[in-house]
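Secondary and tertiary structure notes
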Amino acid sequence: MDDKTLKQKFCELYGDGEVRLFAAAGRVNLIGEHIDYCGGLVLPAALELRCTIAARKNCTKKWRLAATTTSLTAEFDLEKIGEYKDLKWGNYQAGVAYIMQNDGFDLTGLDLLYDCTVPFGSGLSSSAAIEVATAFMISAFSGESGGKTANLTEIAVYGKRAENEYCGVSCGIMDQFASSRGKSGNAILLDCATLKFDYVPLKLGDCELVIANSNKPHSLVASKYNERRSECESALAVLSPALGVRSLAEITPEMFETSGEKLLSGKVKDRARHVVYECDRVKRAVTALKTGDMPLFGKLLNESHYSLRDLYEVTGAELDALSDGARSSSGCLGSRMTGGGFGGSTVSLVKKDKVDAFIRETSAKYRAAVGYEATFYTAAVSDGAREVL
Ligand code: GLA
């Protein structure tokens, strides 16, 4: 919803007066999947789809929360913020408030209306957008009253900690970092081991990115995400002493083939192979972007998907049907699942003048394969966390 309408809705709900808006972005990951928690380089970009919070101090010790996308509401007593777990709605907000309060932020009573245009379950990080917008807002209000503040990297880390420590998902830092530090027209090349990052201009020549939501809900909590993470830890426990590395991301394909792979077996070997080669693909993809080599960039997207399908086993029938359909449609140079997988979205590199035909054809193939529709977005790459002035 546009900013003016959101402010109006807020006033209808809580009464007239000044309203402030805080926003953070959803994200698409271009390449570097399931390697953030292995210390790898990832290449996400922030989207125009975002979470915006309309907020006003209410002179109490409570947060009252509502949303434009659900009729569910929540109310938190800030003196008992750690007690609000397993809510029908509001867990991410409670988690961020809890973690930041424990870390010394001064929480003030607020009336809040959340407007999240990132579709839930789309794999485009609606949860990170909510967490990061909430953390940004807490820092802004705390700073104004002379309390502690956080920079954009710290805000991303608070979002991740809320998800890890409060919501029970062992996610990495990629989503919250992109949601917080995103920059219009750029992807972020993030080193997840050090949190050092560079912006990479998204110069796609005669191509653009098309995102397709499979409409098969993606749920990290319900999925095998945490299991994949522990399989990677098992691989590292063997390879770290043998190869002298601190993370799977430090292993090159050559090291893996000559010394690493014979030490592993079964699924753990497959998972490690995915991580090693996906890390290498990110570096090659950045070179392809910098040199404008779109065919190579597209080919790497395809290889990433095949590896996530065959070695990491996180795609599923819907994402396979959607990316297969995309690959054989007009103007497509490459297509892959993006995000955690097990449902969610794909990202495809498509010739600009073929986008309409691409969407028409991919859409028909997907409907024929799974019996329902996908939703398409041309990906406007946008800024991360901010106060909307
Ligand atoms: C989810 C997690 C991220 C990352 C991706 C897979 O989106 O939140 O930390 O692990 O899956 O790349």
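Report on the accompanying structure. (Residues numbered from 1 in each chain as written. Predicted model: local features only at pLDDT ≥ 70, side-chain atom pairs only at ≥ 80, totals over all residues. Heavy atoms only, no water.)

This part takes up the site of the ligand. In the neighbourhood of the ligand, 13 residues make up the surrounding shell, with E33, H34, D36, D175 and Y225 lying closest. At 3.1 Å, a side-chain N or O of R27 approaches an oxygen atom of the ligand. In this structure, an oxygen atom belonging to the ligand sits 2.5 Å away from a side-chain N or O atom of E33. Its free accessible area being 310 Å², the ligand has 99% of it covered by the protein chains. Within the shell around the ligand, the residues separate by chemical class into 5 nonpolar, 4 polar and 4 charged. (Near = heavy atom within 4 Å. Polar contact = N/O pair within 3.5 Å; in protein donor to acceptor, adjacent residues only side chain to side chain. Areas by Shrake-Rupley, 256 points an atom, 1.4 Å probe, with all protein chains shown as cover. Nonpolar A, V, L, I, M, F, W, Y, C, P; charged D, E, K, R; others polar.)

Looking now at unusual backbone geometry. With phi around 60°, H34 is a residue other than glycine that occupies positive phi space. Residue position: H34 is located in the loop between β1 (20-29) and β2 (41-42). (Helix = DSSP H or I, 4+ residues; strand = E, 2+ residues; numbered from the N terminus.)

With that out of the way, let us pick up the side chain of S139. Relative to the helices and strands, S139 is located in helix α3 (residues 126-144). Polar side-chain contacts of S139 include one of 3.0 Å to the backbone nitrogen of A150. Beyond its immediate stretch of four places on either side in the chain, S139 contacts M100, F105, K148, T149, A150 and I155. (Contact = heavy atoms within 4.5 Å.)

Here we take up the sheet that holds strand β11 (residues 345-351). By way of backbone hydrogen bonds, the strands of a sheet pair with one another, either parallel or antiparallel. The strand order across the open sheet formed by 4 strands is β10-β11-β9-β12, and the pairing between neighbours is antiparallel. Each edge of the open sheet is held by one strand with a lone partner, namely β10 (332-338) and β12 (375-378). Geometrically, the sheet is characterised by an average inter-axis angle of 25° between neighbouring strands, direction not taken into account. Pairing of strand β9 (residues 207-213) with β12, which is carried by 4 bridges, proceeds in the antiparallel orientation. Within the sheet, the bridge partner assigned to N213 lies in β12 and is T375. (Pairing = 2+ DSSP bridges. Axes fitted to C-alpha atoms, helices over the stretch in contact; angles between N-to-C directions.)

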